[in-house]
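# Structure at a glance
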Amino acid sequence: MGNKKEQDFVKEITPMEEDFSQWYTDVILKTDMVDYAPVKGCMVIKPYGYGVWEGIQRVMDRRFKETGHKNAYFPLLIPESFLKKEADHFEGFAPEVLWVTHGGNEELAERLFIRPTSETMICTMYSKWVQSYRDLPVLINQWCNVIRWEKTTRPFLRTAEFLWQEGHTVHATEEEAQEETLKMLEVYRQVAEDELAMPVLLGQKSEKEKFAGANKTYTMEAMMHDGKALQAGTSHNLGQNFAKMFDIQYLDRDSVLKYGWSTSWGTSTRLIGGIIMTHGDNRGLMMPPRIAPTQVVILPIAFHKEGVLDKAFEIKSELAKTFRVELDDRDSYSAGWKFNHWEMKGVPLRLEIGPKDIENNQVTAVRRDTLEKFTIPMDGLTEKIAEILDDIHQTMFNMALKNREEKTYTTTDYEEIKRIMKETPGFVKTMWCGSRECEDKLKEETAATIRCLPFEQEHLGDTCPFCGKKAEHMIYIAKAY
RNA sequence: CGGGGCAUAGCGCAGUUUGGUAGCGUGCUUGGUUCGGGACCAAGAGGCCGCAGGUUCAAAUCCUGUUGCCCCGACCA
């Protein structure tokens, strides 16, 4: 990457080795994913970016339904008093809550806040809806927007308003709630790895990093091209904290009134940022085939010539039965320009139809992941393309995994950890005693945080590299977005 | 919230030091020739110089204030 020839092709994008932040900004703007909005901290998600979100929604929502969940919608505005019911939750979110104080010219009797997350509203409703053990479990998800008034923002990664899904469930037992929490984390893993081609590490958050109001928070962490970690989805076991504060009680089989056990889990448009920084390169985006807004782009070559355009349209309508296809028949751009344009937008497969192809009853194809150019016979085109898209998915996953492995270090030497975080950021696998003091020290001295206590624990040593006391857990640490 | 930068045509920038008719590249429009890795020629359209005050005969340019954005930290999905 980064050779002269390539740079000649991609004039608009700053190479990622030169300035990763600028690369990211260039890519999202130049590919028409987003635009900055005239509201502080907010972004406009343009059709191409929104198409990615629709793809994510499609593959994720299907899995929510398959695991028994239904969608619903709750209000955007929540009365102030709700927020104060759960103390940890209030403390966690109050600093970034946006308040609504007036209706027209009249001041509201009770201030409303715009949801930064909907536990308080949803639990309030659940307390009405749950009366009997027969009402359980409650398995509801909502797709919506939330607002967190952040100090600094970046498109997709952190914006004041963002789109997400939040699942909220109530169960009769602690075991069931725990099972649900892990089940949904697994759903997230499947979406990340099997749909977005983004390898993730699964594990539990430390006390410091867990969700405000949760007993346990589980996370999936992805590795970006610059060695920083991205929290790509979280699933919380809320215990009975919210059930008690919001009075979610049911009469059990044994005629005893009991509190429910609740969970919540969420992923957001941040995943789009993850896709960009996991797969993108100096030519621009690289879209995972299964959620790519356009999977195949067809470019007619020399299409003023007899039959070319007709053939291109014919192929398009055939492929459109199976794939998301676009035909670029704009005559105002040269073929070379279009090659670069669609590569920048990350369309997984490009098909060229020119006089030579028609003569040979074939199409010319170029893969975005390998840039490999080859021909495909017209017979069996659909089947072959399906095969290639699957292969592109697998290749992208493997490349991302390789990147993560190359940037994952194992050490129990604190000096080494400091050096790595300074010089070659990535994941560091190490041990930890479990104390908050060591966690704070790590953050302060290296700017890195404990990303998770992975499910797959290994014994790397007996002592905590930060304090020298007995090590209790294996952890992954990294600088994070 | 600290530190730094920027705001002039859709986008990227020059012009500001030393006040005096608003510039360049690209993109856009029209016509023509091109088309298998960012084509070419010709003719056009497009700007209260972020916003509000001030100084001046005269302000993109000087002074006050204000808003927004970007980058780096701290805080957070």
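According to the domain assignment, chain A consists of domain 1 (4-279), domain 2 (296-387) and domain 3 (409-478). Between the C-alpha centres of domain 1 and domain 3 the distance comes to 27 Å. Across the contact, 19 residues belong to domain 1 and 16 residues belong to domain 3. The largest share of the area that domain 1 buries against domain 3 comes from L201, S206 and K208, three residues that together contribute 36% of it.

This part takes up the packing of aromatic side chains. Counted under the stated rule, the structure contains 15 aromatic pairs. Here F64 and W265 contribute two aromatic rings whose centre-to-centre distance is 5.2 Å and whose plane-to-plane angle is 55°, an arrangement assigned as tilted. Here F64, found in helix α3 (residues 47-66), pairs with W265, found in strand β14 (residues 261-268); they are 201 residues apart in sequence, far enough to count as distant. For F64, a relative accessible area of 1% gives the class buried. Pairing Y188 with W265 gives two aromatic rings, centres 6.5 Å apart and planes at 70°, and the pair type is edge-to-face. Residue Y188 is found in helix α7 (residues 174-195), and its partner W265 is found in strand β14; the two are separated by 77 residues along the sequence. On the basis of relative accessibility, which here comes to 1%, the residue W265 falls in the buried class. An aromatic cluster of three or more residues is present, and its members are W53, F64, W143, Y188 and W265.

What the rule picks out here adds up to 2 cavities of 30 Å³ or more. In this structure, the largest cavity spans a volume of roughly 40 Å³. Lining the largest cavity are W342, E343, V347, P348, R350, V366, R367 and R368. Those elements that place two or more of their residues in the lining of the largest cavity are α11 (335-344) and β18 (362-367). Broken down by class, the residue content of the lining of the largest cavity amounts to 4 nonpolar, no polar and 4 charged. Taken together, E119, C123, Y126, H168, T169, V170, L238, S262 and T263 make up the lining of the second largest cavity. Listed by contribution, the elements that provide at least two residues to the lining of the second largest cavity are α6 (119-129), β8 (161-171) and β14.

Take the layout of surface pockets next. Here the largest pocket is characterised by a volume of approximately 1,200 Å³. What lines the largest pocket is a set of 43 residues, and nearest its centre among them are R148, E150, R158, Q231 and R270. Residue assignment for the lining of the largest pocket shows that the elements contributing at least two residues are α5 (87-93), β8, β11 (229-239), β14, α15 (436-446) and β22 (449-454). Taken together, the residues that form the lining of the largest pocket break down as 13 nonpolar, 16 polar and 14 charged. Summarising the domain contributions, the lining of the largest pocket has at least three residues from each of domain 1 (4-279) and domain 3 (409-478).

What follows concerns the pattern of salt bridges. Applying the stated criterion across every chain, the model contains 36 salt bridges. For E66, the salt bridge is made with R62, and the minimal N-O distance between the two is 3.6 Å. Here the residue E66 and the residue R62 both occupy positions in helix α3, the gap between them amounting to 4 residues, near one helical turn. The class of R62 is partly exposed, set by a relative accessible area of 41%. The residue K210 makes a salt bridge to E207 at a minimum N-O spacing of 3.2 Å. Here the salt bridges do not stand alone but share partners, grouping R283, E343, R350, E352 and K373 into one network.

Okay, the sheet that holds strand β5 (residues 98-103) next. Strand pairing in a sheet takes place through backbone hydrogen bonds and is either antiparallel or parallel in direction. Reading across the sheet, the 3 strands line up as β4-β6-β5 and stay open at both edges, with antiparallel pairing between neighbours. The sheet is open, and its two edges are formed by β4 (77-79) and β5, each paired on a single side. Across the sheet, the mean angle from the axis of one strand to that of its neighbour is 45°, orientation sign disregarded.

All right, on to the pairing of β11 then. In terms of burial, β11 is a largely internal element, 10 of the 11 residues being buried. Of the strand pairs in this sheet, strand β10 (residues 216-223) and β11 are connected by 8 bridges, and their pairing is antiparallel. In the strand pairing of β11, K216 is matched with N237. Hairpin remark: β10 followed by β11, antiparallel, with 5 residues in the connecting loop; positive phi at G227, about 85°. Alignment of β11 against β14, held across 5 bridges, turns out to be antiparallel.

What counts and what doesn't
- Residues numbered from 1 in each chain as written.
- Chains lettered and ligands numbered in written order.
- Predicted model: local features only at pLDDT ≥ 70, side-chain atom pairs only at ≥ 80, totals over all residues.
- Heavy atoms only, no water.
- Domains from an automatic or database assignment.
- Contact = heavy atoms within 4.5 Å.
- Buried area = accessible area lost by both parts, 1.4 Å probe.
- Phe/Tyr/Trp six-rings, centres within 6.5 Å; stacked < 30°, edge-to-face > 60°.
- Helix = DSSP H or I, 4+ residues; strand = E, 2+ residues; numbered from the N terminus.
- Buried < 20%, exposed > 50% of the residue type's maximum accessible area, 1.4 Å probe, protein only.
- 1 Å grid on protein atoms, 1.4 Å probe; cavity = no way out; pocket = protein on both sides within 12 Å on 5 of 7 lines; lining within 4 Å.
- Points joined across faces, edges and corners; volume = space filled by probe spheres on them.
- Nonpolar A, V, L, I, M, F, W, Y, C, P; charged D, E, K, R; others polar.
- Salt bridge = Lys/Arg side-chain N within 4 Å of Asp/Glu carboxyl O.
- Pairing = 2+ DSSP bridges.
- Axes fitted to C-alpha atoms, helices over the stretch in contact; angles between N-to-C directions.

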